Amino acid sequence: MSKRTDSNGYTMMFAVVMVFVVGSLLAFLASSLKPAIKENERIEKQQNILYAMGVNENDASNANFVSTKIAGAEFKKYIKKQLVLEVEGDKILRQQNRTEYMSENNNKEPYLIDVKKQQANAKDGKVRKLPLFVGEKEGKTFYVAPIRGKGLWDAIWGYVSMDENMVVQGAYFDHKGETPGLGANIKQRYFMDDFIGEHLMTDAGVFKGITVKKGNNDAVNEDKTDYEVDAIAGATITGDGVSAMIKKDLSLYVPYFKNLKK
Amino acid sequence: MGLLSKRDAALLTDPLADNNPITIQVLGICSALAITAELKASIVMAVSVLFVLGLGNVVISLMRNIIPSKIRIIVQLIVVATLVIIVDLVLKAFAYELSKTLSVFVGLIITNCIIMGRFEAFALGNGPWRAFLDGIGNAVGYGVILIAVGFFRELLGSGTLLGFKVLGDPIEKTGLYAIGYENNGFMLLSPMALIVVGILIWIQRSRNTSLIEEN
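Attention here is on the structure that accompanies the text.

**A word on the environment of W129(B)**
Mapping W129(B) onto the fold places it in helix α8 (residues 128-158). Sequence separation of W129(B) and F119(B) is 10 residues, and the distance between their C-alpha atoms is 14 Å.

See below:
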């Protein structure tokens with residue numbers, strides 16, 4: 001039994017038309033929704049930074065951002081300075097403030113710096129720009145830095161807020177596609193809150209980072225100077241990714257903090 | 001079921017029991033083990049598949065007379081991928097919070113063998129209304145198993161349900177933990193999902209012996 005739809009010509013035609021229709025439909029949708037999506041992502045970055053420095057609407061066990069409506073205003077209120085650093089080894093080559101950076105980069109806000117692009121720049125031997133947000137809340141100063149790395153399936157990233165001694169004051173982690181219930185739990189309160197109070201640097205000034213460790217005998221996380229937090233069961237690789245991005249990205253900021261103390 | 005004829009009603013009810021996509025046809029196992037460590041993720045996945053399979057079955061059924069048989073699998077894949085991407089984009093623009101929750105499921109939905117299986121086995125040969133009923137029936141059958149597995153894995157693995165500590169606090173040693181109960185960390189790992197599904201299959205077959213194949 002041969003049908004009209006079995007012929008090669010029809011099959012080719014169908015394939016071409018289908019690709020054309022589906023392709024243009026998706027392209028149209030993607031480009032017409034792009035401004036709205038970009039705006040959502042921009043607000044989310046502000047919410048993430050504010051979350052890390054403790055400006056959030058957390059209840060007993062859930063992580064909640066400040067609402068999208070007030071995020072912009074809160075960001076202006078709490079974030080006093082946005083710095084862009086260029087670091088080589090243990091020397092700061094250049095430090096720009098927000099106005100300097102914006103006049104050089106088409107009025108782009110420093111908090112919109114794409115960490116992924118900057119990491120790629122560093123790999124190509126170009127200068128990596130390191131954004132650092134200085135916030136103030138209730139008389140305390142917070143230094144918030146973005147970090148980015150690899151999880152099990154896809155990218156993971158986050159914001160860590162520190163005091164002038166590089167003691168963690170708050171952390172926010174997020175991921176693109178970690179396993180729900182396992183690796184995806186890095187954005188749960190019980191994991192993120194463990195980082196609060198952890199030291200990143202020894203008193204002598206050696207950068208240690210924080211390792212997400214299995215069986216560290218400190219499940220309640222009382223020891224804040226062991227440079228370790230308890231891992232999530234069943235999410236070893238995601239946890240290792242978190243340790244790695246903290247070590248790699250935050251170590252770049254060490255010269256800045258050492259300068260602060262001088 | 002006054003609204004539906006007996007044949008149509010069977011499309012809805014068969015996948016719930018004696019023709020369940022997971023326990024009888026053994027389809028959709030990959031997602032059943034990937035995302036059932038938590039009850040909430042199981043529910044989200046079940047609802048997403050309900051939506052995609054119901055709609056996808058109708059679309060494929062409407063196109064069934066013009067799809068060239070040589071490339072029908074590719075066409076099915078494109079239909080389901082397009083549907084999922086459209087939903088994902090629209091959510092990202094208008095319900096960003098929800099899209100963050102769902103984003104990890106997008107890939108899992110596209111590659112779910114139940115969806116491809118129903119397109120191929122049913123929607124290509126039946127009208128849109130029956131295809132819709134078949135899609136809903138199979139998605140619910142899939143969802144029921146997913147939620148059952150998610151329930152046991154979260155309860156026994158983490159001692160929580162939907163994030164609530166129903167068995168007490170393992171660190172503070174309250175509730176069941178006060179008398180020496182421990183969470184079973186193995187429940188959180190993928191192999192246990194298959195073992196739980198296996199136990200469900202066992203229960204189902206011992207209740208309905210006609211399902212057992214003769215050797």
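Moving on from the coordinates now.
**Examining the sheet that holds strand β4 (residues 140-150) of chain A**
All names here are of chain A. Across the sheet, six strands lie side by side as β2-β1-β3-β4-β5-β6; this open sheet has antiparallel pairing. This sheet does not close on itself; its edge strands, each paired only once, are β2 (91-96) and β6 (168-175). Each strand axis lies, on average, 25° off the axis of its neighbour in the sheet, ignoring direction. Both strand β1 (residues 79-88) and strand β3 (residues 129-137) contribute to a ladder of seven bridges, which runs antiparallel. Its bridge partner lying in β3, V84 is registered against P131.

**Let's talk about the nonpolar core**
Nonpolar side chains in soluble globular proteins tend to end up buried together. Core analysis: the biggest nonpolar cluster contains 97 residues, and L50(A), A52(A), V144(A) and V160(A) have the highest contact counts within it. Among the elements that take part in this core, α8(B) stands out by supplying nine residues, more than any other. Apart from residues lying up to four places away in sequence, V144(A) is in contact with I49(A), A52(A), M53(A), F133(A), G135(A), Y159(A) and S161(A).

**Thoughts on unusual backbone geometry**
Leaving glycine out, the prevailing phi sign among residues is negative, and the prevailing peptide bond configuration is trans. Residue and element names in this part refer to chain A. Unusually for a residue other than glycine, N107 sits at a positive phi of about 60°. The phi dihedral of M166 is positive, around 60°, even though this residue is not glycine. Take M166: it is sitting in the loop between β5 (155-162) and β6.

**Some words on the pairing of β2(A)**
Residue and element names in this part refer to chain A. The buried fraction of β2 is low, at zero of six residues. Looking at chain direction, β1 and β2 are connected through five bridges and run antiparallel. Looking across to β2, one finds that V84 is bridged to Q96. In textbook terms, the turn of a hairpin is the stretch between consecutive antiparallel strands, and for β1 and β2 this stretch comprises two residues, one of which, G89, has a positive phi near 60°.

**Looking at the packing of helix α3 (residues 39-62) of chain B against helix α4 (residues 72-94) of chain B**
Residues and elements named next belong to chain B. Interhelical geometry of α3 versus α4 gives an angle of 135° and a closest axis separation of 10 Å. Relative to α4, the element α3 is oriented oblique. Two packed elements cross with a definite hand, and for α3 against α4 that hand is right-handed. Of α4, the residues touching α3 (which contributes V52, L55, G56, V59 and I60) are Q76, V79, V80, L83 and V84. Here the contact of α3 with α4 is built from residues that sort into eight nonpolar, two polar and no charged.

**Some words on the pairing of β5(A)**
When a strand is regular, its side chains alternate between the sheet's two faces. Residue and element names in this part refer to chain A. When you tally the buried positions in β5, you get six out of eight residues, the bulk of the element. Relative to β5, β4 runs antiparallel, the two sharing eight bridges. By the bridge assignment for β5, G149 is matched with I156. Across seven bridges, the pairing between β5 and β6 is antiparallel. Across the sheet, M162 pairs through a bridge with V168, a residue of β6. A loop of five residues connects β5 with β6, the two strands running antiparallel in sequence, and M166 in this loop sits at a positive phi of about 60°.

Analysis parameters
Residues numbered from 1 in each chain as written. Chains lettered and ligands numbered in written order. Predicted model: local features only at pLDDT ≥ 70, side-chain atom pairs only at ≥ 80, totals over all residues. Helix = DSSP H or I, 4+ residues; strand = E, 2+ residues; numbered from the N terminus. Pairing = 2+ DSSP bridges. Axes fitted to C-alpha atoms, helices over the stretch in contact; angles between N-to-C directions. Core = buried A, V, L, I, M, F, W, Y, C linked by C-beta atoms within 7 Å. Buried ≥ 20, exposed ≤ 12 C-beta atoms within 10 Å, placed from the backbone. Contact = placed C-beta atoms within 7 Å. Parallel < 35°, antiparallel > 145°, perpendicular 65-115°, else oblique. Left-handed = near helix turned anticlockwise from the far one by under 90°. Nonpolar A, V, L, I, M, F, W, Y, C, P; charged D, E, K, R; others polar.

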